[in-house]
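Each chain, written out:
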Amino acid sequence: MQAPRRRDLRLPVAGQVTSLELFFDLVFVFTITQLTATVLPGGWAVTGRAALLLLLLWWMYGGYAWLTNAAPPVTPRRRILLVLGMIGLFVTAMAIPHAYGSDRVVFACGYLVVVVVHAGMYVSEAARITRGMIVQLLGWNMVGAVLGLVGALFFEDILVWWWLASFVVAVVLPRLFSITALNHPEDDGGPSFELVPGHFVERHGLMLLIALGESVLAIGVGLGTGVEVIGLDRIVFAAISLLLATTLYWAYFGVGEDARAEAALDALPADRAQAAGLASYGYAFWVILLGIVFSAAGLHHALVHPTDRLSWEHSGQLCMGVGLFWVGLGLFRVTLGVPGALPRLALGLVLCAVIVVGATVSGLLALLCLLLGSAALVLFEQRAGAPAPQTG
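Computed from a predicted structure; not experimentally measured.

### Some remarks on the packing of aromatic side chains
- Under the criterion given, the structure shown has 20 aromatic pairs.
- A centroid spacing of 5.1 Å and a plane angle of 65° characterise the contact between tryptophan 66 and phenylalanine 200, whose relative ring orientation is edge-to-face. Of the two residues, tryptophan 66 is situated in helix α2 (residues 44-70) and phenylalanine 200 in helix α7 (residues 197-223); the sequence distance between them amounts to 134 residues.
- Residue tryptophan 66 is classed as buried on the basis of its relative accessible area of 10%.
- Residues tyrosine 111 and tryptophan 163 carry aromatic rings whose centres are separated by 5.5 Å and whose planes lie at 85° to one another, so their mutual orientation is edge-to-face. Of this pair, tyrosine 111 sits in helix α4 (residues 104-125) while tryptophan 163 sits in helix α6 (residues 159-172); the two residues are 52 residues apart in sequence, bridging distant segments of the chain.
- When its relative accessible area of 0% is taken as the criterion, tryptophan 163 is described as buried.
- Here arginine 49 stacks its cationic end above the ring of tyrosine 100, 5.7 Å away from the centre of that ring.

Set out below in structure tokens:
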């Protein structure tokens, strides 16, 4: 039995990310900005709650990336639906700083809109409809969003547990129950969700590029307030920060990570490509983005007085943020079966230890250590590694 197909709908091809998708990504990056502002005070509780919000929102961003991979926004109807989802995402992002307090209902309602529009557009516009798709989108995802709204309306004191339950229902439980068909072939022998690697890889690469750019903008905004004169120490700090951001950019784009990822996904059977795409650009990329959020918050604090010692919390944000970025890059290679993951994982753990330098010497020296460690591995990989595979 074949899964239903709409033969008049074309799938995207490599390099065919539309300008509307890119605009959607720009809106999503506002969530990164808001989460960075949320974690600025520091503390394990604040950090954990922010990480949970990023989990939820990144899950749905990934959902929209899979959606436009299957149903590119090339018709007026699809564009309207994608803009509606964008509005829900923007409202959700606005509520992030007080998502567990005064704006909890706004956040929950915005998130529900994001989920409903996503599900509706997927099942009405995708070229191939499967049982697993319907159960995941109209079942697990919807129940998870409703749980968050119920918690926001009636259980403010324990809202974090309701959002955690929402994540478990939408993401964890579907992997444990065969009714979702996510772990089993569909009737036509294919996976629940089909994947076009070229478009998928490019879409997430652009998202990462925009997120890194936003972290650079935050440095410039912090310097240009006019409250204090921009001294030499701040200029040096800003220059090293930009070099670090460039190095992290190079760690993905400069060594051909996107080409390797596309080649790896292309080489896999459809069912394994679905799982690898979810693990790499879903879970591993969440670690990378969390690292960007933490490091941006740490840079904000270190920029105030670059030559002074940071508190342990703020030094942890800076150093563990960069460390998490590298750990995420290592996990990304693990999930795709790409060689060279171990040095990246090891470097991430080593850079986390630089927290001692920031807390006992200065934020500037810690930043310099982070740059030197990151640049050393990138240069080593470029000299020792083989050229990235060509795709297309």
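Additional details are given in the paragraphs that follow.
### Things to note about the pattern of salt bridges
- All told, the structure shown has ten salt bridges when counted by the stated rule.
- Across the pair glutamate 125 and arginine 78 runs a salt bridge whose closest N-O atoms are separated by 3.0 Å. Here the residue glutamate 125 occupies a position in helix α4, and arginine 78 occupies one in helix α3 (residues 76-94), the gap between them amounting to 47 residues.
- The salt bridge partner of glutamate 257 is arginine 333, with a shortest N-O separation of 2.7 Å. Pair noted here: glutamate 257 is in helix α9 (residues 257-267) and arginine 333 is in helix α11 (residues 312-336), with a separation of 76 residues, a long-range link.
- The class of arginine 333 is buried, set by a relative accessible area of 5%.
- Taken together, the shared-partner salt bridges connect Glu257, Arg260, Arg333, Arg344 and Glu381 into one network.

### Here's the deal with the environment of alanine 239
- As for its placement among the helices and strands, alanine 239 is situated in helix α8 (residues 232-254).
- Classification of alanine 239 as partly exposed rests on a relative accessible area of 41%.
- With 20 residues separating them in the primary sequence, alanine 239 and isoleucine 219 have C-alpha atoms 9.9 Å apart.

### A word on the side chain of histidine 314
- One can find histidine 314 in helix α11.
- Here histidine 301 takes part through its side chain, which lies 3.4 Å from a polar atom of the side chain of histidine 314.
- Setting aside residues no more than four positions away along its own chain, histidine 314 makes contact with Leu40, Pro41, Gly298 and His301.

### Notes on α6
- Its 14 residues give α6 an end-to-end C-alpha distance of 19 Å, which sits within 8% of 20 Å, the value for a rise of 1.5 Å per residue.
- Listed in full, the buried residues belonging to α6 are Leu159, Trp162, Trp163, Ser166, Phe167, Val169, Ala170 and Val171.
- If you follow the buried residues of α6, they end up packed against α2, α4, α5 (131-154) and α10 (270-304).

### Considerations on the side chain of arginine 78
- Under the relative-accessibility criterion, arginine 78 is labelled buried at 2%.
- A distance of 2.8 Å separates a polar side-chain atom of arginine 78 from the backbone oxygen of proline 72.

### Focus: the nonpolar core
- Formed by 117 residues in total, the largest nonpolar core has its most connected members in Phe28, Tyr111, Tyr122, Trp163, Tyr281 and Trp326.
- The element contributing the most residues to this core is α10, with 18 residues.

### Notes on the state of the cysteines
- Applying the stated criterion to the full structure yields zero disulfides.
- Cysteine 319 provides the cysteine sulfur closest to cysteine 352, a residue in no disulfide bond, and the two sulfurs are 8.2 Å apart.
- Note on cysteine 352: relative accessible area 19%, which makes it buried.
- The thiol of cysteine 369 is unpaired, and the distance to the nearest cysteine sulfur, on cysteine 319, comes to 8.3 Å.
- Under the relative-accessibility criterion, cysteine 369 is labelled partly exposed at 29%.

### Digging into the packing of helix α1 (residues 19-39) against α2
- Taken N-terminus to C-terminus, the directions of α1 and α2 make an angle of 175°; their axes are 10 Å apart at the nearest point. Between α1 and α2, the angle is such that the two are roughly antiparallel. Packed against α1, whose contacting residues are Glu21, Phe24, Asp25, Phe28, Thr31, Ile32, Leu35, Thr38 and Val39, the element α2 presents Val46, Ala50, Leu53, Leu54, Leu57, Trp58, Tyr61, Tyr64 and Thr68 at the interface.
- Considered class by class, the residues forming the contact of α1 with α2 number 13 nonpolar, three polar and two charged.

Parameters at a glance
- Residues numbered from 1 in each chain as written.
- Predicted model: local features only at pLDDT ≥ 70, side-chain atom pairs only at ≥ 80, totals over all residues.
- Heavy atoms only, no water.
- Phe/Tyr/Trp six-rings, centres within 6.5 Å; stacked < 30°, edge-to-face > 60°.
- Helix = DSSP H or I, 4+ residues; strand = E, 2+ residues; numbered from the N terminus.
- Buried < 20%, exposed > 50% of the residue type's maximum accessible area, 1.4 Å probe, protein only.
- Lys NZ or Arg CZ within 6 Å of the ring centre and 35° of its normal.
- Salt bridge = Lys/Arg side-chain N within 4 Å of Asp/Glu carboxyl O.
- Polar contact = N/O pair within 3.5 Å; in protein donor to acceptor, adjacent residues only side chain to side chain.
- Contact = heavy atoms within 4.5 Å.
- Expected span 1.5 Å × (residues − 1).
- Core = buried A, V, L, I, M, F, W, Y, C linked by side-chain atoms within 4.5 Å.
- Disulfide = S-S within 2.5 Å.
- Axes fitted to C-alpha atoms, helices over the stretch in contact; angles between N-to-C directions.
- Parallel < 35°, antiparallel > 145°, perpendicular 65-115°, else oblique.
- Nonpolar A, V, L, I, M, F, W, Y, C, P; charged D, E, K, R; others polar.

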